[in-house]
Amino acid sequence: MRSMFIRVTVCFRARGACGSRNLCGVGRQRSFCMTAAGTVVDEKSEGRKASHSARVSQRRVDGRMRSFEEIPHTGRSGWINLVKFWWENRFQQLHKHMEKTFISLGPIYREHVGTHSSVNIMLPSDISELFRSEGLHPRRMTLQPWATHRETRNHSKGVFLKNGEEWRSDRLLLNKEVMMTASVKRFLPQLDEVASDFCRMLQARVERDGRGEKGKRSLTMDPSPDLFRFALEASCHVIYGERIGLFSSSPSMESQKFIWAVERMLATTPPLLYLPPRLLLRIGAPLWKQHASAWDHIFSHAEARIKRGYQRLSSTQRKGSEAGAVEGQYTGVLGQLLEKGQLSSDLIKANITELMAGGVDTTAVPLQFALFELGRNPEVQEMVRQEVRASWSKAGGDPQKTLQGVPLLKGTIKEILRLYPVGTTVQRYPIKDIVLQNYHIPAGTMVQACLYPMGRSSEVFEDPLRFNPGRWGSSRGEGQSVEGAGFRSLAFGFGARQCVGRRIAENEMQLLLMHILLSFHLSVSSSEDIKTTCTLILQPETPPRITFRML
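Keep in mind the model is a prediction, meaning the values are calculated, not measured.

Visitor: Explain the overall build of the protein here, please?
Guide: Assigned secondary structure in the protein consists of 19 helices and 14 strands. Across the 551 residues that make up the protein, the buried fraction comes to 59%. Put simply, 78% of the contacts in the protein that link residues at least 6 apart link residues at least 24 apart.

If you want it as structure tokens, here you go:
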């Protein structure tokens, strides 16, 4: 799911720009033990004893490997911790809680909140070791409220909620339609069409409502409602193969209700993660009712469009059209899955619904932060614009070729997701015992890589609070000396279990920013950091207002 986009825990606080006044990164207030992480090898394997002893001796602090119970923790009682989380409003500021805890306890700690237990880490070297131990069927934290909804409504589960061989077989089929280079080439024109239409709509609004002389008008506005509509329109075009008209003067109320349902689903998920969902179901808790109702609406929205997809396919087959195409046009991920028939109709519905639910807020919100950071860093904005113009001209306006020549634009997306990760943790359950920071971690323990503290740590990034897309360029090589440097950018996860909607999301954001930078100069009235709050993903407390001036 797109970031699932919705990755699992959440939250963060908007910092990190040129001139930021508050140093909130995990800096050098504390001296961390930077020893490498390693795997606990079976002592009975005589052939490996010597090498194992040599590795472990390098990782010991006081002559011994430390036990799991010795890992620093935030309190042994999960229920007392849960009460503290509610009382101190930590759910809405979980990113800051993690950051403060790393500063206080060091680069690894245990936390037990309600029914939820984890080991939290933040250094790339440890994250690298964790992912080396994920196995053929990587597992991440199951969002039990979502799983309970599927079970009680008799819905099939998509790949986001599956594990094991069943997950792998479904995921490989989905990858062919959403992750492979050939599939990206098929759906990129759909994304570009929506991004172009969005900019034309915005240009018309600036001309109509803006100030200044004709052709150079400017308009200050909150773009967040339009960005949500853009994300939904783009997702529908790629996934269902149809436009739903959200840029018209009177967009459908049904589509707006879908956006509200996704927001309500995200907002009610975090508190439900720490409580037994079936108990709440049994007692009819209002929080559970709101959550289930939101999912019911999301499923009904998807079912209506899937039904139309079946009808289009049937019509095409009756007319004897070429397989997989209607009048020569791409029929969307849904059309491709229906045509190939390798997934059952229930599994298609489950995965299409997850893709849709994970494809709106998780791209619309990072785009808000991107416009804000570009607006308050005009020199960076101009550098990215000049790169886009040069590539656009060289490519003759071909969007796919243009994106091949814009490393700074791509670095802008990575930099936004470093400072404002959509989900603040990526989880894995190692299939074998491992050693992290000299502590023994048993197989099957949930370990969370905490992205927000890592992204703002001076142990990992130079000048971490500075918005600098150029840091991701290969020429600079920043951070390449850091152990595990390849694990510093994990907003979309890693490996076989990375976000299934990653290619849709990356191209969607890049194309929209490309068209906006070609059409508008961006500015903000205040360069103060944005205050944020958490649902299941980061949200600004108040969406930033952006001034769009026509070029």
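After that view of the structure, there is still more to cover.
Visitor: How do you make sense of the sheet that holds strand β4 (residues 218–221) when you look at a structure like this?
Guide: The strands making up a sheet associate through backbone hydrogen bonding, with each pair oriented either parallel or antiparallel. Spatially, three strands are ordered β4-β14-β11 in an open sheet, and the strand pairing comes out antiparallel. Each edge of the open sheet carries a strand with a single partner, namely β4 and β11 (520–523). Taking each pair of neighbouring strands and ignoring which way they run, the sheet shows an average axis angle of 20°. Contacts between helix α14 (residues 361–376) and the sheet are confined to β11 and β14 (546–550), with β11 contributing the most and set at about 85° to the helix.

Visitor: Even after reading the chapter, I still don't get the pattern of salt bridges, so can you show me in this structure?
Guide: Side chains that differ in sign of charge can pair as their charged atoms come close. By the definition in use, this model includes 31 salt bridges. The partner of Glu151 in a salt bridge is Arg278, with the nearest N and O atoms 2.8 Å apart. In this pair, Glu151 is assigned in helix α5 (residues 144–153) and Arg278 in helix α10 (residues 277–283), connecting sequence segments 127 residues apart. Overall, Glu151 belongs to the partly exposed group, its relative accessible area being 33%. Residue Arg278 is classed as partly exposed on the basis of its relative accessible area, which comes to 38%.

Visitor: In this structure, what is going on with the sheet that holds strand β7 (residues 425–428)? I would like to understand it.
Guide: With mixed pairing, the four strands of this open sheet are ordered in space as β2-β3-β10-β7. Lying at the two open borders of the sheet, with one neighbouring strand each, are β2 (108–113) and β7. In this sheet, neighbouring strand axes are inclined to one another by 30° on average, regardless of whether the strands run parallel or antiparallel. With respect to the sheet, helix α3 (residues 94–105) is in contact with β2, β3 (116–121), β7 and β10 (447–450), its orientation differing from that of β2 by roughly 130°.

Visitor: Help me out: how do you make sense of unusual backbone geometry in this one?
Guide: Backbone phi values are negative for most residues with the exception of glycine, while trans is the configuration of most peptide bonds. Positive phi is not limited to glycine here, since Asn89 has a value of about 60°. Tracing the chain through its elements places Asn89 in the loop between α2 (78–87) and α3. At Asn438, a residue that is not glycine, the phi angle is positive and equals roughly 75°. When you line up the elements, Asn438 lands in the loop between β8 (434–436) and β9 (439–441). The exposure class of Asn438 is buried, given its relative accessible area of 2%.

Visitor: Explain the pairing of β2 here, please?
Guide: Consecutive side chains along a regular strand alternate between the two faces of the sheet. Extensive coverage of β2 is indicated by the burial of five of its six residues. Where β2 lies against β3, six bridges are found, and the strand directions are antiparallel. What sits directly across from Val113, in β3, is His116. The hairpin turn running from β2 into β3, its antiparallel successor, is two residues long, and Gly114 in that turn takes a positive phi close to 60°.

Visitor: Teacher, can you tell me more about helix α6 (residues 164–178) here?
Guide: Two residues of an α-helix separated by three or four positions point the same way, owing to the 3.6 residues in each turn. Over its 15 residues, α6 runs 21 Å from end to end, which matches the ideal 21 Å to within 8%, given 1.5 Å per residue. Within the span of α6, buried status applies to Trp167, Asp170, Arg171, Leu173, Leu174, Asn175, Glu177 and Val178. In the core, the buried residues of α6 are packed alongside α7 (181–209), β6 (329–330), α12 (332–340), α13 (345–357) and α19 (502–519).

Visitor: Help me understand the side chain of Glu242, please; the structure alone is not making it clear to me.
Guide: Inspection of the secondary structure assignment puts Glu242 in the loop between α8 (224–239) and α9 (253–273). On the basis of relative accessibility, which here comes to 13%, the residue Glu242 falls in the buried class. Among the polar contacts made by the side chain of Glu242, one reaches the side chain of Arg312 at a distance of 3.3 Å.

Visitor: Honestly, the pairing of β14 in this entry has me stumped. Any pointers?
Guide: Counting buried residues in β14 gives four out of five residues, a clear majority hidden from the surface. Inspection of the sheet shows β4 paired to β14 by four bridges, in the antiparallel sense. Paired with Met221 across the two strands is Ile546, which belongs to β14. Summarising the sheet, β11 and β14 pair through four bridges and their orientation is antiparallel. Looking across to β14, one finds that Leu522 is bridged to Phe548.

Visitor: Looking at this model, I keep getting lost on the confidence of the model for the protein. Mind explaining?
Guide: Note that predicted coordinates carrying low pLDDT should not be read in detail. Averaged over the protein, the pLDDT score is 85; the fraction of residues at 70 or greater is 85%. Low pLDDT, under 50, characterises residues 1–61; the predicted model gives this stretch 230 contacts beyond four residues in sequence or across chains.

Visitor: Would you mind going over the packing of aromatic side chains with me for this structure?
Guide: The geometry of an aromatic ring pair comes down to the distance between the two centres and the angle between the two planes. Taken as a whole and judged by the stated rule, the model has 15 aromatic pairs. Taking the centre distance of 5.6 Å and the plane angle of 80° together, the rings of Phe520 and Phe548 count as edge-to-face. With Phe520 in strand β11 and Phe548 in strand β14, this pair connects stretches of sequence that are 28 residues apart. Connected via pairs of aromatic rings, a cluster forms that spans Phe85, Trp86, Phe91 and Tyr274. In this structure, Arg139 packs its charged tip against the face of Tyr429, placed 4.0 Å from the ring centre. Looking at Arg418, its charged tip hangs above the ring of Phe461, at a distance of 5.0 Å from the centre.

Visitor: Is there a simple way to think about the environment of Ser133 in this case?
Guide: As for its position among the elements, Ser133 is in the loop between α4 (124–132) and α5. The spatial distance from the C-alpha of Ser133 to the C-alpha of Arg428 is 8.7 Å, given a sequence separation of 295 residues.

Visitor: Looking at this model, I keep getting lost on α8. Mind explaining?
Guide: When the terminal C-alpha atoms of α8 are compared, their 22 Å separation across 16 residues agrees well with the 22 Å that a helix rising 1.5 Å per residue should span. Among the 16 residues that make up α8, 15 are buried, leaving the element largely enclosed by the rest of the structure. Positive backbone phi, at 75°, marks Gly241, one or two positions downstream of α8.

Visitor: Mind showing me how you'd approach the environment of Ser300 here?
Guide: Residue placement: Ser300 occurs in helix α11 (residues 286–319). With 42 residues separating them along the chain, Ser300 and Phe258 place their C-alpha atoms 9.5 Å apart.

Visitor: What is the right way to read the packing of α14 against α19 from this model?
Guide: Relative placement of two packed helices is described by the angle separating their axes and the distance separating the axes. In contact at an axis separation of 11 Å, α14 and α19 are set at 35° when each is read in the N-to-C sense. Handedness of the α14/α19 crossing: right-handed. Here Thr363, Pro366, Leu367, Ala370, Leu371 and Leu374 of α14 come into contact with α19, specifically with Ala505, Glu508, Met509, Leu512, Leu513, Ile516 and Leu517. In terms of residue class, the contact of α14 with α19 is built from eleven nonpolar, one polar and one charged.

Parameters at a glance
Residues numbered from 1 in each chain as written. Predicted model: local features only at pLDDT ≥ 70, side-chain atom pairs only at ≥ 80, totals over all residues. Heavy atoms only, no water. Helix = DSSP H or I, 4+ residues; strand = E, 2+ residues; numbered from the N terminus. Buried < 20%, exposed > 50% of the residue type's maximum accessible area, 1.4 Å probe, protein only. Contact = heavy atoms within 4.5 Å. Pairing = 2+ DSSP bridges. Axes fitted to C-alpha atoms, helices over the stretch in contact; angles between N-to-C directions. Salt bridge = Lys/Arg side-chain N within 4 Å of Asp/Glu carboxyl O. Expected span 1.5 Å × (residues − 1). Polar contact = N/O pair within 3.5 Å; in protein donor to acceptor, adjacent residues only side chain to side chain. pLDDT = per-residue confidence, 0-100. Phe/Tyr/Trp six-rings, centres within 6.5 Å; stacked < 30°, edge-to-face > 60°. Lys NZ or Arg CZ within 6 Å of the ring centre and 35° of its normal. Left-handed = near helix turned anticlockwise from the far one by under 90°. Nonpolar A, V, L, I, M, F, W, Y, C, P; charged D, E, K, R; others polar.

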